[in-house]
Amino acid sequence: MARLKLYEYPHPVLRQKAEKAGAVDKKMQKFLDDMLETMYEDGGVGLAAPQVGVSERILVIDAERDENHPGNPIYMVNPEIVWKSEEKVVGEEGCLSVPGQKAEVERYASVRVHYTDYHGKEQEILAEDFLAIVVQHEMDHLDGILYIDRISRLKRNMLIKKLEKERKEKAVEQPHS
Ligand code: NI
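About the cut-offs
Residues numbered from 1 in each chain as written. Predicted model: local features only at pLDDT ≥ 70, side-chain atom pairs only at ≥ 80, totals over all residues. Heavy atoms only, no water. Helix = DSSP H or I, 4+ residues; strand = E, 2+ residues; numbered from the N terminus. Rg over C-alpha atoms; globule rule 2.2 N^0.38 Å. Contact = heavy atoms within 4.5 Å. Areas by Shrake-Rupley, 256 points an atom, 1.4 Å probe, with all protein chains shown as cover. Lys, Arg positive; Asp, Glu negative; His and termini not counted. Charge placed at Lys NZ, Arg CZ, Asp CG, Glu CD. Donors = N, O, S within 2.8 Å, 3.2 Å for Na, K, Ca; no water. Pairing = 2+ DSSP bridges. Axes fitted to C-alpha atoms, helices over the stretch in contact; angles between N-to-C directions. Buried < 20%, exposed > 50% of the residue type's maximum accessible area, 1.4 Å probe, protein only. Expected span 1.5 Å × (residues − 1). 1 Å grid on protein atoms, 1.4 Å probe; cavity = no way out; pocket = protein on both sides within 12 Å on 5 of 7 lines; lining within 4 Å. Points joined across faces, edges and corners; volume = space filled by probe spheres on them. Nonpolar A, V, L, I, M, F, W, Y, C, P; charged D, E, K, R; others polar. Polar contact = N/O pair within 3.5 Å; in protein donor to acceptor, adjacent residues only side chain to side chain.

Participant: I'd like a rundown of the overall build of the protein chain, residues and numbers included.
Facilitator: When helices and strands are tallied, the protein chain shows 3 helices and 7 strands. Starting at the N terminus and walking to the C terminus, you meet the elements of the protein chain as α-β-β-β-β-β-β-β-α-α. Relative to the compact-globule value of 16 Å for 177 residues, the protein chain shows a C-alpha radius of gyration of 16 Å, a close match. The dimensions of the protein chain, computed from C-alpha atoms along their principal axes, are 50 × 40 × 35 Å. A separation threshold of at least 6 residues defines the contact pool for the protein chain, and within that pool the share at least 24 residues apart is 64%. Of the roughly 10300 Å² that the protein chain leaves accessible, carbon and sulfur atoms contribute 49%. Charged side chains in the protein chain number 26 positive and 33 negative. The centres of these two groups are separated by 6 Å.

Participant: How would you explain the coordination of the nickel ion if you had to name every residue and give the values?
Facilitator: Bound to the nickel ion are the protein donor atoms Cys-95 (SG), His-137 (NE2) and His-141 (NE2), situated 2.1 to 2.2 Å from the metal. Within one chain, the residues donating to the nickel ion are spaced in sequence as C-x41-H-x3-H. Placement of Cys-95 in the loop between strand 4 (88–93) and strand 5 (103–108) and of His-137 in helix 2 (residues 129–142) is noted, with a sequence separation of 42 residues between them.

Participant: Tell me about the sheet that holds strand 3 (residues 74–84), residues and numbers included.
Facilitator: One open sheet holds the 5 strands; their spatial order is 1-2-3-6-7, and the pairing between them is antiparallel. Each edge of the sheet is formed by a strand with only one pairing partner; in this case those strands are strand 1 (46–48) and strand 7 (122–128). Shown here is a sheet whose adjacent strand axes are inclined to one another by a mean of 40°, direction ignored. For strand 6 (residues 110–116) and strand 7, the ladder comprises 7 bridges, and the chain directions are antiparallel. Within strand 7, the residue paired with Tyr-115 across the bridge is Gln-123. This element, helix 1 (residues 26–41), spans strand 1, strand 2 (58–61) and strand 3 of the sheet and lies at about 45° to strand 2.

Participant: Can you lay out the side chain of His-137 for me, pointing to particular residues and giving the numbers?
Facilitator: On the basis of relative accessibility, which here comes to 7%, the residue His-137 falls in the buried class. When sequence neighbours within four positions are dropped, the list of residues in contact with His-137 reads Glu-93, Gly-94, Cys-95, Arg-107 and Tyr-147.

Participant: Run through helix 2, naming residues and quoting values.
Facilitator: Residues spaced three or four apart along an α-helix face the same direction, because each turn holds 3.6 residues. Under the 1.5 Å per step criterion, the end-to-end length of helix 2 is 21 Å for 14 residues, consistent within 8% with the ideal 20 Å. Extensive coverage of helix 2 is indicated by the burial of 11 of its 14 residues. When we look at burial in helix 2, the residues that qualify are Ala-132, Ile-133, Val-134, Val-135, Gln-136, His-137, Glu-138, Met-139, Asp-140, His-141 and Leu-142. Backbone geometry just after helix 2 places Gly-144 at a positive phi near 75°.

Participant: A description of the layout of surface pockets should follow, citing residues and the corresponding values.
Facilitator: The volume enclosed by the largest pocket comes to roughly 330 Å³. What lines the largest pocket is a set of 18 residues, among which Val-45, Glu-93, Gly-94, Cys-95 and Phe-130 lie closest to the centre. Residue assignment for the lining of the largest pocket shows that the elements contributing at least two residues are strand 4 and helix 2. Looking at which element gives the most residues to the lining of the largest pocket, the answer is helix 2, with 6 residues. Considering only enclosed or pocket space, the second largest pocket measures out at about 290 Å³ in volume. Looking at side-chain class alone, the lining of the second largest pocket contains 3 nonpolar, 1 polar and 7 charged residues.

Participant: Please provide a residue-by-residue account of the side chain of Gln-51, values included.
Facilitator: Residue position: Gln-51 is located in the loop between strand 1 and strand 2. Assessed through its relative accessible area of 1%, Gln-51 is described here as buried. A distance of 3.0 Å separates the side chain of Gln-51 from the side chain of Ser-97, its partner in a polar contact. Not counting residues within four places of it along the chain, the set of residues in contact with Gln-51 comprises Lys-5, Leu-6, Tyr-7, Leu-14, Gly-46, Cys-95, Leu-96, Ser-97, Glu-138 and His-141.

Here is the structure:
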């Protein structure tokens, strides 16, 4: 497996609408493995292909992994939301492409998702609670949407200012990286 390069805000690849992915083959499985490794190494719970510079409708999620659990990765190729609950929830979200930042975002409390899995099989799951939030966050990436687009302009401007300030400070601390 290999760690992939992560693209961060405001890279334009994060703003593209991703193309439908082709059939799951060995090459795609290798890419899914690499995406999962990249996500784990960077401490994320979800990663969408545009975040590693590939504008295709592919994502990986592991909403269960922590110090005490080995994890339960879900690979989704061409996911589609086929049902969403009327109920909505507000939860705190972060994103590997918007490093170090967090904000509260409103999402559907549960969604039913149809997708192709790691083995090329059609699957459908009912995502609830935290998994529902992660699925919606990652699927947004496939449409060029970041969670910061779903907060108020005032909060977004503050968050981006903070991100840029932290990047500058980091650049001063690590002049050779
Ligand atoms: Ni994200």
